[in-house]
Every structure is written in structure tokens, then in C-alpha cells.
Amino acid sequence: MALDMGMFETINPSRFITFTIPSPPLSHHDHHNDNHLLRVAVLDSPIQLSDSLAQPQVALMFVPKHREHDWTFSTESGHLQLLLSCHQFSRLILIGDEPTTDDSPDLPITTKHDSFDQKSLEDSVKPLVIALSRKFCFDKNGIYNVPLLSYEDNVVSSVVLEKCVGDFAGEMLVEDVEIESEGGCRKREFRRRLRFKRMPNLVQTEVKLVPEAAISLDSVKIGGKVRFRPHIGVLVHVYLVPMVASCALIGSYIGERIRFGFRPKALCVGVGGGALVSFLRTQLDFEVVGVEMDEVVLRVARQYFGLEDGEFLQISVGDAIEFLEKLARQIVGKNPDSFGACSLKDGNFLDNSDRVDNKFDVIMVDLDSGDTRNGTSAPPVEFVRKDVLLAARLILSDFGIFVMNVIPPNRSFYDMLIQEFREVFQELYEIDVGNEENFVLIATGLSIVSLGSDCENAFGKKLRLLISGEYMDSIRKI
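No experiment lies behind these values; they were computed from the predicted model shown.

What follows covers the overall build of the chain. Assigned secondary structure in the chain consists of twelve helices and 19 strands. Of all intrachain contacts in the chain linking residues separated by at least 6 positions in sequence, the fraction that spans at least 24 positions is 68%. For the chain, the accessible area works out to roughly 22700 Å², and carbon and sulfur atoms hold 49% of it.

This part takes up the sheet that holds strand β1 (residues 16–22). Here we have five strands laid out as an open sheet, ordered β1-β2-β4-β3-β6, and mixed in their pairing. Edge strands, defined here as strands with exactly one partner in the open sheet, are β1 and β6 (148–149). Where strand β3 (residues 58–62) meets β6, two bridges bridge the pair, whose relative direction is parallel. Looking across to β6, one finds that Met61 is bridged to Leu149.

A separate point is unusual backbone geometry. With an omega of 0°, the peptide bond between Ala378 and Pro379 qualifies as cis. Mapping Pro379 onto the fold places it in the loop between β15 (360–365) and α9 (386–394). Phi at Ser14 is positive, roughly 70°, even though this residue is not glycine. The residue Ser14 is located in the segment before β1 in this model. Residue Ser14 is classed as partly exposed on the basis of its relative accessible area, which comes to 39%. Positive phi values are uncommon outside glycine, yet His66 reaches one of about 70°. Relative to the helices and strands, His66 is located in the loop between β3 and α1 (71–74).

Inspection of the entire model under this criterion finds nine aromatic pairs. Relative to Phe399, the ring of Tyr253 has its centre 5.5 Å away and its plane inclined at 40°; by these criteria the two rings are tilted. Here the residue Tyr253 occupies a position in helix α5 (residues 251–259), and Phe399 occupies one in strand β16 (residues 396–406), the gap between them amounting to 146 residues. The partly exposed category is assigned to Phe399, whose relative accessible area is 44%. A connected cluster of aromatic rings, assembled from ring pairs, spans Phe402, Phe421 and Phe425.

Let's shift gears to helix α3 (residues 118–132). Because each turn of an α-helix spans 3.6 residues, side chains separated by three or four positions end up pointing in the same direction. The largest bend in α3 is about 50°, located at Val125, with the proline Pro127 one to four residues further on. Those residues of α3 not exposed but buried are Ser120, Leu121, Glu122, Val125, Leu128, Val129, Ile130 and Leu132. Next to the buried residues of α3 lie β1, β2 (37–44), β3, β4 (91–97) and β6.

We now examine empty space enclosed by the protein. Applying the stated rule across the entire model yields two cavities of 30 Å³ or more. Within this model, the largest cavity holds a volume of roughly 50 Å³. In terms of lining residues, the largest cavity is bounded by Arg39, Val63, Glu68, Phe73, Ser74, Leu94, Ile95, Gly96, Asp97 and Pro99. Among the elements that take part in the lining of the largest cavity, β4 stands out by supplying four residues, more than any other. Partitioning the lining of the largest cavity into residue classes produces five nonpolar, two polar and three charged. There is about 40 Å³ of room inside the second largest cavity.

Here we come to the packing of helix α8 (residues 320–332) against α9. With their axes 8 Å apart at the nearest point, α8 and α9 run at an angle of 55° to one another. For the element pair α8 / α9, the angle class is oblique. In this structure, the crossing between α8 and α9 has a hand that is left-handed. Contact with α8, carried on its side by Ile321, Leu324, Glu325, Ala328, Ile331 and Val332, involves Asp387, Val388, Ala391 and Leu394 of α9 and no other residues of that element. Residues that form the contact of α8 with α9 fall into these classes: eight nonpolar, no polar and two charged.

Scoring rules and cut-offs
- Residues numbered from 1 in each chain as written.
- Predicted model: local features only at pLDDT ≥ 70, side-chain atom pairs only at ≥ 80, totals over all residues.
- Heavy atoms only, no water.
- Helix = DSSP H or I, 4+ residues; strand = E, 2+ residues; numbered from the N terminus.
- Contact = heavy atoms within 4.5 Å.
- Areas by Shrake-Rupley, 256 points an atom, 1.4 Å probe, with all protein chains shown as cover.
- Pairing = 2+ DSSP bridges.
- Buried < 20%, exposed > 50% of the residue type's maximum accessible area, 1.4 Å probe, protein only.
- Phe/Tyr/Trp six-rings, centres within 6.5 Å; stacked < 30°, edge-to-face > 60°.
- Bend = angle between axes of the 7 residues up to and from the residue.
- 1 Å grid on protein atoms, 1.4 Å probe; cavity = no way out; pocket = protein on both sides within 12 Å on 5 of 7 lines; lining within 4 Å.
- Points joined across faces, edges and corners; volume = space filled by probe spheres on them.
- Nonpolar A, V, L, I, M, F, W, Y, C, P; charged D, E, K, R; others polar.
- Axes fitted to C-alpha atoms, helices over the stretch in contact; angles between N-to-C directions.
- Parallel < 35°, antiparallel > 145°, perpendicular 65-115°, else oblique.
- Left-handed = near helix turned anticlockwise from the far one by under 90°.

Structure (C-alpha cells):
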């Protein structure tokens, strides 16, 4: 069916159209294949211009070579995240190789260093771009003005280990990647990642990989014969280190509990691949309870990310809000048996005999919003309702902290979040992760008396050795 080019003369919020065209001459594609096609995807922003008289802007982006199968470029959700990362544009045209439907067992590997002549391809598709944005591609002087955007990340090469579907998370994949080392050093870095198709540009879990055998990294490559294992003793996901650094606020309290023979207790809401729960248990000797909605995610965490059940790590499968509210009801004595039916995996149950033991020194929330229409955001709006925050405070120990990873879609969301917290908690603190995206919000039930002594005790010293002291020192009261 012929495409009506007239439809592109207006911006229709959230309209998403894809089609294929023959690969033009002078492109980066294989010219020996006369049947080679390019996939063209056009997405209009769901956000309408505040100034109705302003001319919408259009941008063009080429899919990096060998990345056409990547959900970032092959799905509407990935396309939307690319568009929303450039707020000034009302339409993003994405052009790349058509993803093949080959069911070959060979796993696809992408390589960063494979490049192509973008200028030649841009010239080749310029008539198409004009046809797709005729009213918007020229400035007031009649000069062609469609910026060519480039996609940059730190992935050198990658290989997909598994794709699967969870009841709640939906389609997901596990991949091993080699990334560019920071600072331009030549040290090779390998990671394992979990990503969801509904938000493919967001890495849900990332852990460091090391070869199972002691060999030189110079001979190792992703997708080769060398087997890797996850290294759970170090945190590499950018916001997890500051989340753990928040424990410095109550370092003296945690240190005293340890000195008197008690394990500090943490509740992790949102387990994902398990990097945070594993680190708290193995490196900081916490007793950890995790809550995860999707059993397939937990299976992936155990199979690929080193998550191990044990005496001091228990995982509950279920809704996090219901989990908090049931435990809060038990603590206030309204329904003591309601939480007893909420079983933990592998036959483990929380001890209902002593309500004090069911309080936590640290509660850490790492949940993203399932609504991608306005881009990446965290936490879900329903998780910051006053009744949910009150339940969280009830299950905190007197000197405990409530820690949340926040990705605000806008400033008003963050201001609303802070206001909701102020109505429930005594004090608020913040760590700016420094990536222009994440903040770690920390709430306390009681006032923090002193920060200085936290680094003097054994727990504070251990914490500083394990993670960046920079984040511990950047905790700011708000």
C-alpha cells in the first residue's frame, strides 16, 4: 500500500510509522545485495509545543552499524526514549538496516569500531527526509535545517545471552558487553546487563564480569570461548554506589549494632538482577530481604548475575506495596497474621514471633516507572503515596533510613516527591549522582545527630574502603 506523504505535514503526538525502502547508492550497506532494504521509522513527540506558533523541529539519526536488532533502535519504546532525550525536537526520523528475521543459532555481536560514511548516506536520504518533513525542514530563510544526531554509548562489543519474557517485566534480555574504559586507559572492562524491552535504553542491572580462569585479558573477547562469571563484590551501576553510601548517615548506629552482635537489616524493594542485595549481604554483612514482582527476573538473577539464596538473604515474590503494608499492619497490631501468608522463596519466612525483628535499619527502593510516555522516570508515582510512605516509616527502626533512587522526568515531579516525603519523615538528605539523571533521596524517622563520627567506627571505615568516599562526603541535607 502506497504511503500518503501528506500525513507528515502535521505533527501528530505519539504517531509512530515504519516502512522500508531500497538501500540507496553510496550508503554503508552491502551493494552486492540488490534486495537490501533500509528501515525508516518516524516518531512524533507526545509532548506538544508550549508555543503554538513555534515551528516544530525535526532531527535525523542513523542506526549504528550492526545495532539494528537492538531494542533501542528497533522498537517504538526505544525510539521514544531517543526522542525524549532531545526535548527540542518534535519529530525524530530513524534510518538503519532492516532487522533480519534469520533464526540462526549464532548470537549477534555488535562492534563499535565498525563505521560508515554518514555524510554520503545523509546526502542519499535527503530527498526522503524532505518528503517526511517538508513543512518543518527549512528555516525562515529557506535553508535546509534537519540536524543529524549521533548515538554514542560506551559499548565496544556485545553478545546476547538470552531473551525471555516475564509475567510483569515483559520481554527482557541478558547481554555481555565490553565497554570503553574511563579516562582513556587501556584496561579492558566487561559487564553483564539486564534490559527490559519496555524501556530498552535503561540498563536495569549491570555487574562486573571477570574470566572464570586466570588469563590475560588481552586474549579475551565477548562472544568467544572464554567463560565469564559475575563479580558481585563491586558495584558498577552508577547510582548503586551512592545508594549504599547513604548508610554513612547512620554509620555510628550500624556500627554499634554490629559491635553488640546484631546484623544490620535491609529491605530492598526491586531486586532486578540482584546486584544491590548481593553486595549488602556479602560485603557489608547485612541480613537482606528483597521484594521482586517477577519470578522470571529472579530466575535470570540467579542464573546470570550471581544471586544466591542463603541464611541472610531472603527474596519475596510479590507486589512491593502490598508487602510493605502487610508488614506495617503487623507491626501496629491490626492484623498480626496478614503477613504470615506472604511466603519467601525456598521455604523461608520472616519471623512473625518478634515484631521488632521485622523492622529494618535500611529500606532501599529501586523501581522505575512502567509508564514510558514521558521518558525514563523513577520511582512509580503510586509508590510515593502518603499511605505507602507511612507504611515504610512504620517498618523502619528508630534510627533507620529510607533510601530511594529517583529519576525525575522534570523538576516539578522532584519537588512534589520531596514535599510528600516531608509530610512523613523527620529529615531529608540528597546525593546527586552526577550523571544529570539520578538522585538518591534519603529520609530519616529521627534527626541525625552527627555525621562526623560515622567515619570513625569500624563500619564507616569498611564502607569507605568498599565504595567511593566521594559519595559519602557529598550527602547534603535538604
